[in-house]
Amino acid sequence: MIISMSDILCITNRKLCKGDFLNRIQEIAACHPSAIVLREKDLPEAEYKELASKVISICREHQIPCILHNYYETAAELGVKSIHLPLGVLRGMNEEQKAVFTEIGSSCHSVEDALEAVRLGCTYIMAGHIFDTDCKKGLPGRGLEFLREVCASISIPVYGIGGIAAENAKSVLETGAKGICIMSGMMQCEDVCSDFRKLEEALAI
C-alpha cells in the first residue's frame, strides 16, 4: 500500500465540508496523510472527473497519493493507479480492467466481505463502521472486536473507519489494523493541521 508514516487515509465528503472544498483539500494535503480518497458518491461521472482533475493536481503538488472512487474508467483516463471500489462494482470488473491499477481497495462490513475483497484482487480494505458516528446515525458501531476479526482473517492491510478520533485512534491499531480513515473530522474541524497532528501523536503513543 502507498503509505506514509501517518497511516491516515482522509476521505472526502464535500457536503460535510466547512468552507471551500478545494481549499480544505489543500489544507489536508499539506498535512501529508497517507492518501486522500475522493469519495463523492452523489456526483455523476462527468462532474466527478472534473473535480477529480483538480484534486489530483493538489495531491501531486503536495506529493501525496490520490485514490479515486467508484469510476474506474475515469481513473484510468486520468492516469490514476489507485482506486477504491464498492464490492458490487468490483465484482463486475474483468482482470484486464483491474490490471490498470496498482492499488485496489474496497469497503467491507463483515469478515465475509473482507475475504471476498481479497479474492477479487484488493490490495487493502476499509472496515467499519467501528464506532458510533453521525455519518451512520441510528446504526451502532461494529466495534473493535469486529475489526480484530477482520484483521485476523486476511493478510492485506486493513484500515478502520467510522467515528475515529484522537481519543480512540490507538485502540484501532491495537486490533491489528494498518491505519485509520478520517472523514467528517477532517471535513469539519476548525484547524486541519492541529487536528491532524493530534491524530498522528495519538497513533505514535
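It should be noted that the structure appears before, not after, this text.
These numbers come from a predicted model, not from an experiment.

K.L.:
Before we go on, may I ask you to explain the overall build of the protein chain in this structure?
P.N.:
Of the regular secondary structure elements, the protein chain holds 10 helices and eight strands. At 16 Å, the protein chain has a C-alpha radius of gyration in line with the 17 Å of a compact globule built from 205 residues. Taken over the C-alpha atoms alone, the protein chain extends approximately 40 × 40 × 35 Å along its principal axes. Going through the 205 residues of the protein chain one by one, you find that 49% of them count as buried. A separation threshold of at least 6 residues defines the contact pool for the protein chain, and within that pool the share at least 24 residues apart is 59%. For the protein chain, the distance from the average position of its 21 positive side-chain charges to the average position of its 28 negative side-chain charges is 1 Å.

K.L.:
Explanation requested: the pairing of strand 7 (residues 158–161) in the structure shown.
P.N.:
In the case of a regular strand, side chains alternate between the two sheet surfaces. Direction of pairing for strand 6 (residues 124–128) relative to strand 7: parallel, over a ladder of four bridges. Opposite I125, over in strand 7, you have V158 as the bridge partner. Crossover handedness for the path strand 6 to helix 7 (residues 143–153) to strand 7: right-handed. Bridge count for strand 7 against strand 8 (residues 179–182) is three bridges, and the pairing is parallel.

K.L.:
How should I be thinking about the environment of D132 in this particular structure?
P.N.:
Structurally, D132 can be placed in the loop between strand 6 and helix 7. Spatially, the C-alpha atom of D132 lies 26 Å from that of E27, the residues being 105 residues apart in sequence. Polar side-chain contacts of D132 include one of 2.7 Å to the backbone nitrogen of G141.

K.L.:
Help me understand the nonpolar core, please; the structure alone is not making it clear to me.
P.N.:
As a rule of thumb, soluble globular proteins bury nonpolar side chains together. L68, I125, I180 and M186 are the most contacted members of the largest nonpolar core, which has 62 residues in total. For this core, the element with the most residues is helix 2 (residues 45–61), which contributes seven residues. Residues contacting I180, with those up to four places away along its chain left out, are D7, I8, L9, Y159, G160, I164, A169, V172, L199 and L203. A35, Y124, Y159 and M183 belong to the second-largest nonpolar core, a separate cluster that totals 10 residues.

K.L.:
Hey, could you run me through the sheet that holds strand 6 in this one?
P.N.:
The strands that make up a sheet pair up through hydrogen bonds in the backbone, lying either parallel or antiparallel. Strand order in the closed barrel made by the eight strands is 1-2-3-4-5-6-7-8, with parallel pairing throughout. Mean inter-strand twist for the sheet, computed between neighbouring axes without regard to direction, equals 25°. Where strand 2 (residues 35–38) lies against strand 3 (residues 66–69), three bridges are found, and the strand directions are parallel. Of the residues in strand 3, the one forming a bridge with L38 is L68. Along the sheet, helix 7 contacts strand 5 (103–108), strand 6 and strand 7; its crossing angle with strand 6, the most-contacted strand, is approximately 160°.

Reading guide: rules and limits
- Residues numbered from 1 in each chain as written.
- Predicted model: local features only at pLDDT ≥ 70, side-chain atom pairs only at ≥ 80, totals over all residues.
- Heavy atoms only, no water.
- Helix = DSSP H or I, 4+ residues; strand = E, 2+ residues; numbered from the N terminus.
- Rg over C-alpha atoms; globule rule 2.2 N^0.38 Å.
- Buried < 20%, exposed > 50% of the residue type's maximum accessible area, 1.4 Å probe, protein only.
- Contact = heavy atoms within 4.5 Å.
- Lys, Arg positive; Asp, Glu negative; His and termini not counted.
- Charge placed at Lys NZ, Arg CZ, Asp CG, Glu CD.
- Pairing = 2+ DSSP bridges.
- Right-handed = clockwise from strand over helix to strand, strands pointing away.
- Polar contact = N/O pair within 3.5 Å; in protein donor to acceptor, adjacent residues only side chain to side chain.
- Core = buried A, V, L, I, M, F, W, Y, C linked by side-chain atoms within 4.5 Å.
- Axes fitted to C-alpha atoms, helices over the stretch in contact; angles between N-to-C directions.

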